[in-house]
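The residues making up each chain are set out below.
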Amino acid sequence: MTTVFKKLLCSDGQNIDFPDQIAAHHAQEAKENKLRHYFLGGLLHINGFEIDGSLGSMLRDLIDSKRNDISTYVVTINVETNGMEEAIGHTADQMHNLKNVPVTSQGREASRLIIASDALLDKWDRMDKTKAHNAMNKHFAQIILTGYSYGTSLIQQMEADMVHRLRSRKLPITPLLQVKAFNIGAVDMPHCDRGFRADFNYVANNTQGKRSGFRQVFAVKAIDKIMDSVIGRRLLPIVERSGALFSYGDERVKYYIDQANDADIKRIGLTRFAEGREVARLNVNYDPEAHDLRLYLNRQRVVNDGKGAFMTFSSSPLSAVLKNAMQDAINGDISFNQQDTAVASSQYQTEVAQFQDIRMQYERSSFKGSIEMVKQLISINDNPPKP
């Protein structure tokens, strides 16, 4: 089992899909201490499926940095060749096996993204303590992790493995705070010292406040039917809070909980019939499990996919929180405490109302009128007035 980079989204806008070329690019960036963003996806992503199309667009939008020194690597850990269904089933069994196996082989392999070999650990171990601490801070500050679904399990295992590897050499653990990790649609969560306490799994039952680890953000929908089914319990306790979004946690682990219960994936754009006739289309796809990555990352924006343009809309106030928190992480601000839930909730409610107006206009428009309406909508939002 080896780590495979399936896709590289470069800062200059190009995509690279050749593993050898991606690996060489990665080795050079690591050598130059460039900022690197790793996406560890769900079961299909991690097995190399569904990594084209909308995934790249969403990840580019999540980063959307003016800096030109950050690349996004779409990572595959499971490269079993025993057939897709069997491979995915085996991986799924390990996702929730943390209470029995603290770090799976996939988790250990994923931690190599952070430190590829023990040679670097040995080098730090031989250095003066102050110099070693500074070198470790610099190394870990180059790493941003985004996990979705199964990927969030890998991030927790990566953290546990890194703590173990550092402790075994009596190296300081506090530099791990420089690693920024985003968990979307989490499959389980660690304790929050001043939040709720839950009997989740082996990793979660270790009190986080007694040691350092990654700085993490958890973006979770209050109701996630996939987790209810797979785990056999609620991922979150029932908490009576007003508003679409609330948060708790501290500077190391921050939780953002979406109570909006919006599971509609919404977009509007132009397409063509087989004979070439242009037609406006407004799509509202309902996700009955409320677990689709687009529910977390879609926001109000225009997407050009080479075949035309369409506009997406938010399905959660978490999209604004994740966007802002990611920008803070890229810019070196790792407190995560600056995300205003009230502002994100208000912005989301405004966008919901805007989409309802758009939907009403679309339904009342004629065939030609709907085409003109969509063209105007996309043009205005693709070229917003400068402040």
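First, a word on what this report is: a plain description of the structure on this page. (Residues numbered from 1 in each chain as written. Predicted model: local features only at pLDDT ≥ 70, side-chain atom pairs only at ≥ 80, totals over all residues. Heavy atoms only, no water.)

1. A closer look at the overall build of the chain
Within the chain, the regular secondary structure consists of 13 helices and 13 strands. Among the 387 residues that make up the chain, the fraction classed as buried is 51%. In the chain, the share of contacts with a sequence separation of at least 24, taken over all contacts with a separation of at least 6, comes to 73%. By element, 48% of the accessible surface of the chain is carried by carbon and sulfur atoms, the whole surface being about 18100 Å². (Helix = DSSP H or I, 4+ residues; strand = E, 2+ residues; numbered from the N terminus. Buried < 20%, exposed > 50% of the residue type's maximum accessible area, 1.4 Å probe, protein only. Contact = heavy atoms within 4.5 Å. Areas by Shrake-Rupley, 256 points an atom, 1.4 Å probe, with all protein chains shown as cover.)

2. So, the packing of helix 12 (residues 341–364) against helix 13 (residues 367–382)
Taken N-terminus to C-terminus, the directions of helix 12 and helix 13 make an angle of 150°; their axes are 8 Å apart at the nearest point. Here helix 13 runs roughly antiparallel to helix 12, going by the angle between their axes. Here helix 12 and helix 13 pass one another in a crossing that is right-handed. On helix 13, the residues touching Ile358, Gln361 and Tyr362 of helix 12 are Ser370, Met373 and Leu377. Of the residues contributing to the contact of helix 12 with helix 13, the split by class is four nonpolar, two polar and no charged. (Axes fitted to C-alpha atoms, helices over the stretch in contact; angles between N-to-C directions. Parallel < 35°, antiparallel > 145°, perpendicular 65-115°, else oblique. Left-handed = near helix turned anticlockwise from the far one by under 90°. Nonpolar A, V, L, I, M, F, W, Y, C, P; charged D, E, K, R; others polar.)

3. Looking at the side chain of Glu29
Looking at the secondary structure, you find Glu29 in helix 1 (residues 19–31). Of the side chains with opposite charge, Lys34 lies nearest to the buried Glu29, which makes no salt bridge, at 5.1 Å. Those residues in contact with Glu29 that lie beyond four places of it in its chain are Lys34, Arg36, Ser71 and Tyr73. (Lys, Arg positive; Asp, Glu negative; His and termini not counted. Salt bridge = Lys/Arg side-chain N within 4 Å of Asp/Glu carboxyl O.)

4. Some words on the sheet that holds strand 11 (residues 278–286)
Reading across the sheet, the four strands line up as 11-10-13-12 and stay open at both edges, with antiparallel pairing between neighbours. The strands lining the two open edges of the sheet, one partner per strand, are strand 11 and strand 12 (301–304). Taking each pair of neighbouring strands and ignoring which way they run, the sheet shows an average axis angle of 20°. Sheet analysis places strand 12 next to strand 13 (residues 309–312), joined by four bridges and oriented antiparallel. Note that in strand 13 the partner of Arg301 across the bridge is Thr312. Most of the contacts of helix 12 go to strand 11, to which it runs at about 135°, and overall it touches strand 10 (264–272) and strand 11. Of the strands in this sheet, strand 10, strand 11, strand 12 and strand 13 touch helix 13, which is tilted by about 110° from strand 10. (Pairing = 2+ DSSP bridges.)

5. Here's the deal with the sheet that holds strand 7 (residues 215–221)
Spatially, 2-1-4-3-5-6-7-9-8 is the arrangement adopted by the nine strands of the open sheet, whose pairing is mixed. This sheet does not close on itself; its edge strands, each paired only once, are strand 2 (15–16) and strand 8 (245–249). Strand direction decides the pairing type here: strand 1 (residues 4–9) and strand 4 (residues 70–76), joined by five bridges, are antiparallel. Opposite Lys7, over in strand 4, you have Val74 as the bridge partner. Contacting strand 1, strand 2, strand 3 (35–40), strand 4 and strand 5 (143–148), helix 3 (residues 54–63) runs over the sheet at an angle of about 140° to strand 4. Packed on one face of the sheet, helix 12 meets strand 8 and strand 9 (253–258) and runs near 155° to strand 8.

6. Some words on the environment of Leu120
Considering the arrangement of structural elements, one finds Leu120 in helix 6 (residues 118–126). C-alpha of Leu120 to C-alpha of Met136: the two residues are 16 residues apart in sequence and 9.7 Å apart in space. Each residue touching Leu120, except ones within four places of it in the same chain, is listed here: Ile115 and His139.

7. Brief notes about the packing of aromatic side chains
A complete count under the given rule lists six aromatic pairs for this structure. Aromatic pair Phe218 and Tyr255: ring centres 5.2 Å apart, planes at 15°, arrangement stacked. Here Tyr255 lies in strand 9 and Phe218 lies in strand 7, a separation of 37 residues in the sequence. Take Phe218: its relative accessible area is 0%, and that puts it in the buried class. Each member of the aromatic cluster is reached from another via a ring pair, and the members are Phe5, Tyr38 and Tyr73. In this structure, Lys266 packs its charged tip against the face of Phe355, placed 5.5 Å from the ring centre. (Phe/Tyr/Trp six-rings, centres within 6.5 Å; stacked < 30°, edge-to-face > 60°. Lys NZ or Arg CZ within 6 Å of the ring centre and 35° of its normal.)

8. What to know about unusual backbone geometry
Positive phi, close to 55°, is recorded for Ser149, a residue that is not glycine. Here Ser149 lies in the loop between strand 5 and helix 8 (150–167).

9. Digging into the environment of Asn324
Mapped onto the elements of the fold, Asn324 is located in helix 11 (residues 318–330). Sequence separation between Asn324 and Ala344 is 20 residues; the distance between their C-alpha atoms is 9.9 Å.

10. Notes on the pattern of salt bridges
Inspection of every chain in the model, using the stated rule, returns 18 salt bridges. Measuring nitrogen to oxygen at the nearest pair gives 3.1 Å for the salt bridge that ties Arg165 to Asp118. Note that Arg165 is positioned in helix 8 and Asp118 in helix 6, a separation of 47 residues in sequence. With a relative accessible area of 5%, Arg165 lands in the buried category. Note on Asp118: relative accessible area 30%, which makes it partly exposed. When salt bridges with common partners are traced through the structure, they connect Arg112, Asp118, Asp122, Asp161, Arg165 and Arg169 into a single cluster.

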